[in-house]
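Chain residues, written in single-letter form:
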Amino acid sequence: METKKTSLYQLHQESKAKFVEFAGYQMPIQYSEGIVEEHKFTRNHSGIFDVSHMGQLFIYGDENLISDLENIFPLDLKNLKLNHSKYSFLMNKDAGVYDDLIITKIKEGFLIILNAACKENDFKILSQLLNDKYKMVLDEKRSLIALQGPKSAQILNNIINGIVNLNFMTGNWFTFEEKKIYITRSGYTGEDGFEVSISNELAVRFTKELIKKGAKLIGLGARDTLRLEAGLCLYGHELDKDKTPVEANLKWAISKERVLKGNFIGSDVITKQLADGVNKVRVGIKPEGRVIAREKTKIFNQSDLHIGEITSGTFGPSVNGPVAMGYIENEFSKKDTKVFLEIRGKKHAANVCGLPFYKKSYVKGVN
Amino acid sequence: MWTAILQKKLCERSKLMSAVKYSKEHEWIKLEGDVATIGITKHATEMLGDIVFAELPEKGSSVEKDGTAGVVESTKAASDVYTPVSGEVVDTNQAIVDDPSKINEDPEGSAWFFKLKMKDQSEIDSLMNKEEYDKFAKETAS
């Protein structure tokens, strides 16, 4: 299968991007300044991320759709206000995660942002679960552009007046060159920021406007170091079909009311795990030295027992040191527990730590 | 006359010995006396991206031609550093361990990795000169 290109592909090329194939797309991993500089620029200024490879699934429907989706997601969708977003999961019966996603209530139904590698499968699963009762569009005609970092609100408000009034995890329709674009205040870097759903033919012009106002294109490499410092899960690493949201320490994303009522896919397992606890759990891991613990690095306790595994690890430019996340047996998951990481045959000391590594700065309570 | 020829020969020999050679694994090597200084090439650092971790061989240890003699890690991935010749490690560059970003800044100068007392100086003969390496690097770059 030929790799796909996003609407911004040529702009990436002109901006000297290095490309990598990701989920069937040619995506920029970094530009000429490199991952560390791009990471820091996002933390201090404003970075533009082409995330058009991600799925934008529109599902159209009324009250019945809300009830049907509540049978799938562990969310209180009946009380989800118009233009408000929630982080959630598409799970199997064992509460294993098919995908993690952001679902937003729009007037005509819902907009769900899906991971690129999962979107086709998610579409199939959801079509089946909803018995093809509703119109579903996995929209390939729209690009998705994230703007992340402390200067993002100011920059974007220069182009789209009014976006400063959005709260974190809310959105609305705005206009750019007389076309409707949907903007949410959200993102995946731990910074204040926005995700802009915009038709493909406007994507390049819109991105160039952002660049003109001082934002810079940032690659997937920095997106990974940013989300890791922010303690956010990456599907295929911290989340997959063999891990549940409770094990992933994402209890906060599961509606308490819905757990009491049950009847969503995976609710039996979720209810049981919330009551009885879990055997393994996702934690932050901070190596003591400079050594970097990559995915699949084994974690040992002080008695040399194998107690877990790293799922993501890199160098955190804002932390200025190595950072990692992994799954560890529950009894060793307390903060400051000393553990050892086996890297290239040697054991390196590390500590279990709280997440995030880098404090989030989301904007709430604007109005 | 005879001394002039000898001097010229010596001069050629020292020129030859101090010339930098390159390996297919993107290491450079500079021989002075029987001590070789080894590092990674600028081309290698450009392929790796920002280097954030470096591990060097232990002083006093022996390393074998084409064997692993260290590790560098970028934000993306870990890569082994190989030694293009055999010998005993007589010195290592702690400065690049303390601040790995130096490797990106000056890979073929102050950011050398380790020095070896060579076992067999003829091992250097099969390595590439600058021109050959540049051509090789260009051809293998993806």
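Given the structure is predicted, the values throughout are model-derived calculations rather than measurements.

Colleague: Could you clarify how one ought to interpret the overall build of chain B in this entry?
Modeller: Assigned secondary structure in chain B consists of five helices and nine strands. Mapped in sequence order, the helices and strands of chain B form the string α-β-β-β-α-β-β-β-β-β-α-α-β-α. Looking at chain B residue by residue over its 142 residues, the buried ones come to 42%. When contacts within chain B are restricted to residue pairs at least 6 apart in sequence, long-range pairs at least 24 apart make up 60% of them. Approximately 7800 Å² of chain B is accessible, and the part contributed by carbon and sulfur atoms is 52%.

Colleague: I keep staring at the domain arrangement of chain A and nothing clicks. Help me out?
Modeller: A common way to report how large an interface is uses the accessible area buried once the components associate. All names here are of chain A. According to the domain assignment, chain A consists of domain 1 (1–230) and domain 2 (279–353). Computed over C-alpha atoms, the centres of domain 1 and domain 2 are 30 Å apart. The interface is formed by eight residues belonging to domain 1 together with eleven residues belonging to domain 2. Carbon and sulfur atoms supply 71% of the area buried between domain 1 and domain 2, which totals about 740 Å² over both sides. Our count for the domain 1 to domain 2 interface comes out at five residue pairs in polar contact (both at pLDDT 80 or more). Its residues placed into classes, the side of domain 1 that touches domain 2 shows two nonpolar, two polar and four charged.

Colleague: What is the right way to look at the packing of aromatic side chains in this model?
Modeller: Aromatic ring pairs are defined here through the distance separating the ring centres and the angle between the ring planes. Inspection of every chain in the model, using the stated rule, returns eight aromatic pairs over all chains. Ring plane angle 15° and centroid distance 4.9 Å describe the contact between Tyr22 of chain B and Tyr133 of chain B, whose orientation is recorded as stacked. Of this pair, Tyr22 of chain B sits in strand 1 (residues 20–22) while Tyr133 of chain B sits in helix 5 (residues 130–140); the two residues are 111 residues apart in sequence, bridging distant segments of the chain. For the pair Tyr22 of chain B and Tyr133 of chain B, a shared accessibility class is recorded, and that class is buried. Each residue in the set Tyr87, Phe89 and Trp252 of chain A is aromatic and connected to the rest through ring pairs, giving one cluster.

Colleague: Sorry, what's going on with the interface of chain A and chain B here?
Modeller: At the junction of the two partners, chain A supplies 16 residues and chain B supplies 17 residues. Each partner contributes to the roughly 1300 Å² buried at the junction of chain A and chain B, and carbon and sulfur atoms together form 47% of this total. When the buried area of chain A at its contact with chain B is split by residue, Arg290, Arg294 and Arg344 of chain A rank highest and sum to 43% of it. Scanning the region where chain A abuts chain B turns up three salt bridges. Here Arg344 of chain A and Glu73 of chain B are joined by a salt bridge, their closest N and O atoms 3.1 Å apart. Taken together, the connections running from chain A to chain B amount to ten residue pairs in polar contact (both at pLDDT 80 or more).

Colleague: Looking at this structure, I do not really get the pairing of strand 5 (residues 85–91) of chain A. What am I missing?
Modeller: Walk down a regular strand and you will see the side chains alternate between the two sheet faces. Residue and element names in this part refer to chain A. A large share of strand 5 lies buried, amounting to six of its seven residues. Sheet topology note: the strand 5/strand 6 (residues 97–106) ladder contains seven bridges and is antiparallel. In the sheet register, Met91 faces strand 6, and the bridge partner there is Val97. Where strand 5 hands over to strand 6, the hairpin turn is made up of five residues, of which Ala95 adopts a positive phi near 70°.

Colleague: How should the pairing of strand 12 (residues 193–199) of chain A be read in this particular structure?
Modeller: All names here are of chain A. Burial analysis of strand 12 places seven of its seven residues in the buried class, the great majority of the element. The pairing of strand 11 (residues 179–184) with strand 12 spans three bridges and is classified as antiparallel. Paired with Ile183 across the strands is Val196, a residue of strand 12.

Colleague: Whenever I open this one, the side chain of Ser199 of chain A confuses me. Can you help?
Modeller: Topologically, Ser199 of chain A is positioned in strand 12. Excluding residues within four positions of it along the chain, Ser199 of chain A makes contact with Lys141, Arg142 and Ser143 of chain A.

Colleague: I tried to follow helix 4 (residues 119–129) of chain A on my own but got confused; where do I start?
Modeller: All names here are of chain A. Those residues of helix 4 not exposed but buried are Lys119, Asp122, Ile125, Leu126 and Ser127. For helix 4, the elements touching its buried residues are strand 2 (25–30), strand 4 (55–60), strand 5, strand 6, strand 7 (109–114) and strand 8 (135–138). Following helix 4 by one or two positions, Asn131 adopts a phi angle in the positive range, close to 50°.

Colleague: What am I meant to see in the packing of helix 5 (residues 152–159) of chain A against helix 6 (residues 200–212) of chain A here?
Modeller: Between two packed helices, the angle of one axis relative to the other and the distance separating the axes together describe the packing. Residues and elements named next belong to chain A. Running from N to C, helix 5 and helix 6 point in directions that differ by 125°, and their axes come no closer than 9 Å. Put simply, helix 5 runs oblique to helix 6. The way helix 5 lies across helix 6 gives a crossing that is right-handed. In this structure, helix 5 contributes Ile155, Leu156 and Ile159 to the contact, and helix 6 contributes Phe206, Glu209 and Leu210. For the contact of helix 5 with helix 6, a count of residues per class yields five nonpolar, no polar and one charged.

Colleague: Can you walk me through the sheet that holds strand 7 (residues 78–82) of chain B in this structure?
Modeller: All names here are of chain B. Strand order in the open sheet formed by three strands is 4-6-7, with antiparallel pairing between adjacent strands. Bordering the open sheet on either side are strand 4 (51–55) and strand 7, each of which pairs with just one other strand. Looking at each pair of strands side by side, their axes are set apart by 25° on average, direction ignored. Sheet topology places strand 6 (residues 68–74) next to strand 7; five bridges connect them, and they run antiparallel.

Colleague: Explain the nonpolar core here, please?
Modeller: Here is a general trend for soluble globular proteins: nonpolar side chains tend to be buried in one another's company. The biggest cluster of nonpolar side chains holds 45 residues, and the ones touching the most others in it are Tyr87, Ile285 and Ile328 of chain A. Of all the secondary-structure elements, those providing two or more residues to this core are strand 5, strand 14 (280–287), strand 16 (306–316), strand 17 (321–329), strand 18 (338–343) and strand 19 (346–353) of chain A together with strand 4 of chain B. Each of domain 1 (1–230) and domain 2 (279–353) of chain A accounts for three or more of the residues forming this core. Core analysis: the next-biggest nonpolar cluster, separate from the first, contains 27 residues, Ala17, Ala153, Val196 and Leu210 of chain A among them.

Quick notes on the rules
Residues numbered from 1 in each chain as written. Chains lettered and ligands numbered in written order. Predicted model: local features only at pLDDT ≥ 70, side-chain atom pairs only at ≥ 80, totals over all residues. Heavy atoms only, no water. Helix = DSSP H or I, 4+ residues; strand = E, 2+ residues; numbered from the N terminus. Buried < 20%, exposed > 50% of the residue type's maximum accessible area, 1.4 Å probe, protein only. Contact = heavy atoms within 4.5 Å. Areas by Shrake-Rupley, 256 points an atom, 1.4 Å probe, with all protein chains shown as cover. Domains from an automatic or database assignment. Buried area = accessible area lost by both parts, 1.4 Å probe. Polar contact = N/O pair within 3.5 Å; in protein donor to acceptor, adjacent residues only side chain to side chain. Nonpolar A, V, L, I, M, F, W, Y, C, P; charged D, E, K, R; others polar. Phe/Tyr/Trp six-rings, centres within 6.5 Å; stacked < 30°, edge-to-face > 60°. Salt bridge = Lys/Arg side-chain N within 4 Å of Asp/Glu carboxyl O. Pairing = 2+ DSSP bridges. Axes fitted to C-alpha atoms, helices over the stretch in contact; angles between N-to-C directions. Parallel < 35°, antiparallel > 145°, perpendicular 65-115°, else oblique. Left-handed = near helix turned anticlockwise from the far one by under 90°. Core = buried A, V, L, I, M, F, W, Y, C linked by side-chain atoms within 4.5 Å.

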